[in-house]
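Each chain is listed here by its residues.
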Amino acid sequence: MSLLWPGGFLLIALAGALGALIRYLIDVFISARQHAQPRRGAKIFPAGILVANTAAAFLVGATAAWARNHGVGMDLFSLSRFSDLVVVALILGVGGGLSTMSTFMLAVVSLWRSGARAMALSYLGATVIAGLCAGLAGILLGRLLP
């Protein structure tokens, strides 16, 4: 039996909304700080989305590793315990809402088209490397959590 219907869907949707709100707040906070120190004609590195995507990678890695070590299932069609549903809500909901591939790609393309090609490539590389490192760190932490 699956816990997804109907309360499970609602929990995942609310978790996704929470993740999106956290992403928005991170981006607004960091962007506001960057814009507070304007540099005439300079492009601004999209650090807010980088931080949000990195945090999402860490959260997903830690949650998945913790779940695996504690026998918590993540199969959507056989969620039978509330802990299974919470793990899925954290990964799909909060992690999915917190991360954003579309905004990341828009930032890369916008920087590239504006002529800030070195910044576009550094942002692309930083996002991939930070995501992988954060995911790995999350997995390592998730294995240690009780």
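Refer to the structure above for everything that follows.
Residues numbered from 1 in each chain as written. Predicted model: local features only at pLDDT ≥ 70, side-chain atom pairs only at ≥ 80, totals over all residues. Heavy atoms only, no water.

Visitor: Pulling in residues and values, what's your account of the overall build of the chain?
Guide: On a plain count of helices and strands, the chain comes out with five helices and zero strands. Going from N to C terminus, the chain has its helices and strands arranged as α-α-α-α-α. Based on the C-alpha atoms only, the size of the chain along its principal axes is roughly 60 × 30 × 25 Å. Per-residue burial over the chain gives 34% buried out of 146 residues. The contacts of the chain with a sequence gap of at least 6 include a subset with a gap of at least 24, amounting to 72%. (Helix = DSSP H or I, 4+ residues; strand = E, 2+ residues; numbered from the N terminus. Buried < 20%, exposed > 50% of the residue type's maximum accessible area, 1.4 Å probe, protein only. Contact = heavy atoms within 4.5 Å.)

Visitor: Let's hear about helix α3 (residues 82-98): which residues, and what values?
Guide: The periodicity of an α-helix, 3.6 residues per turn, causes residues three or four places apart in sequence to face the same way. Over its 17 residues, α3 extends 22 Å from the first C-alpha to the last, a length consistent with the 24 Å expected when each residue adds 1.5 Å. At Ala-89, α3 shows its largest kink, close to 30°. When α3 is considered as a whole, its buried residues turn out to be Asp-84, Leu-85, Val-87, Val-88, Ala-89, Ile-91, Gly-93, Val-94, Gly-95, Gly-97 and Leu-98. (Expected span 1.5 Å × (residues − 1). Bend = angle between axes of the 7 residues up to and from the residue.)

Visitor: Requested: an account of the side chain of Asn-53, with residues and values cited.
Guide: Within the secondary structure, Asn-53 is located in helix α2 (residues 47-69). Taking relative accessible area as the criterion, Asn-53 reaches 14% and is therefore assigned buried. Setting aside anything within four residues of it in sequence, one finds Asn-53 in contact with Leu-98, Ser-99, Thr-100, Phe-104 and Thr-127.

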